Amino acid sequence: MNEKTGWLARAGALLNENGGPWGGRGGGGDSGGPRNPWNQPPGSGKSKGQSGPSAMDQLAARLRDRLGGSGGGGFGGTGGGNPWPMIRFGVLGFLILWILFTSIHSVGPQERAVVTRFGAYARTLGSGIGLTLPSPLESVTKLNVAEIRTIDIPQSDSAGANFVLTGDQNIVDLDYSVRWSIADPELFRFQLVDPESTIKEVAESAMRAAISNVSLIGAIGAQRAQVESDVERRMRAILIGYRSGVRIEGVAIKRADPPAEVNEAFKDVSAAQQEAQSTINQANTYAQQVTQRALGEAGAFDRVYEQYRLAPGVTRRRMYYETMEEVLSKVDKTIVEAPGVTPYLPLQEMRRRLPTTPGGSQ
């Protein structure tokens, strides 16, 4: 309402200055009949043959002056229209685009968006389309919560060794990696200044604590899986205490060797230990075989004894026959029948005892 009143006041002031839409009311000029509003206003001091701006042109010029026009054309002041309306439309369009692009956010299915209002945490947006106040009132930081990140210790571009002291006062050179992801976007965004450096330092501390509980041989081979699980458990406890918003997915030891200066001697010791272990395994295998054979024979004897208890005479006779059969099957035999019967002539035995002729015949 105030804006309309202002426009009417401005138009009235312009009209009053010229004495109405038909020109000035005072001064010389023709006094009869209404004046033509499209001609030069009276009292301008110009001759009849001289042309000039009409009343409407003067009205338009004064409106431009009141609205901030320069009276000239363009930015140079020579012809053309007023540039300020175009500038106003450009600024308005820019503001509209700025609001649209900074208020509508697309969040991927593996992402979460942390919204801050004047730098303070406001809320967390899930996957989909999210709306916020335009920047700089509210800002959005998108975090990929599904990505599994990996930190190598030492770094892959590092040429130095990573020495750790074992429980038996030996030194082992370790290369290992830590896999982690974002569990809580709010805590991850505001709690840690440098998350990767913090995770790396926590991993080194946990690894040294875990290695100090095992021997060199255990750290290199037999207890490697135990060390990995121990480091993972320690790191989770520490990072939860920090309220870091980080989830430890796993720890993997990629290399565990003695220092390079004693590596060759250690390899010889390891080869001797492996050979000794192989011999022990062979002896254990042979002992198990002998034990199983003895157990089998004892079981067979127990079964014979059970039969013997049930029928001692029959069992003794059967055992006698079986024993004689086993013994006599390996020697030459001569069988003599009862009296009055022609004894068996051992032709095969006689054939073997005959001398052999040079031609090979008997």
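Structure first, text after, so check above.
Residues numbered from 1 in each chain as written. Predicted model: local features only at pLDDT ≥ 70, side-chain atom pairs only at ≥ 80, totals over all residues. Heavy atoms only, no water.

## Considering the packing of helix α8 (residues 263-310) against helix α9 (residues 312-328)
Phase 1 of the analysis: With their axes 5 Å apart at the nearest point, α8 and α9 run at an angle of 130° to one another. Between α8 and α9, the angle is such that the two are oblique. The segment α8 lies against α9, with V304, Q307, Y308, R309 and L310 engaging P312, T315, R316 and M319.
Phase 2 of the analysis: Taken together, the residues of the contact of α8 with α9 break down into five nonpolar, two polar and two charged. (Axes fitted to C-alpha atoms, helices over the stretch in contact; angles between N-to-C directions. Helix = DSSP H or I, 4+ residues; strand = E, 2+ residues; numbered from the N terminus. Parallel < 35°, antiparallel > 145°, perpendicular 65-115°, else oblique. Contact = heavy atoms within 4.5 Å. Nonpolar A, V, L, I, M, F, W, Y, C, P; charged D, E, K, R; others polar.)

## Focus: the packing of aromatic side chains
Phase 1 of the analysis: Enumeration according to the criterion identifies four aromatic pairs in this entry.
Phase 2 of the analysis: Pairing Y121 with F190 gives two aromatic rings, centres 6.1 Å apart and planes at 75°, and the pair type is edge-to-face. Of this pair, Y121 sits in strand β3 (residues 120-125) while F190 sits in helix α4 (residues 185-190), and the two are 69 residues apart along the sequence.
Phase 3 of the analysis: Relative accessible area serves as the criterion here: at 37%, F190 is assigned to the partly exposed category.
Phase 4 of the analysis: Each ring, one from W180 and one from F188, has its centre 6.0 Å from the other, and the planes form 35°; the classification is tilted.
Phase 5 of the analysis: Positioned above the aromatic ring of W180, the side-chain terminus of R149 is 5.3 Å from the ring centre.
Phase 6 of the analysis: Sitting above the plane of the F190 ring, R189 keeps its charged end 5.4 Å from the centroid. (Phe/Tyr/Trp six-rings, centres within 6.5 Å; stacked < 30°, edge-to-face > 60°. Buried < 20%, exposed > 50% of the residue type's maximum accessible area, 1.4 Å probe, protein only. Lys NZ or Arg CZ within 6 Å of the ring centre and 35° of its normal.)

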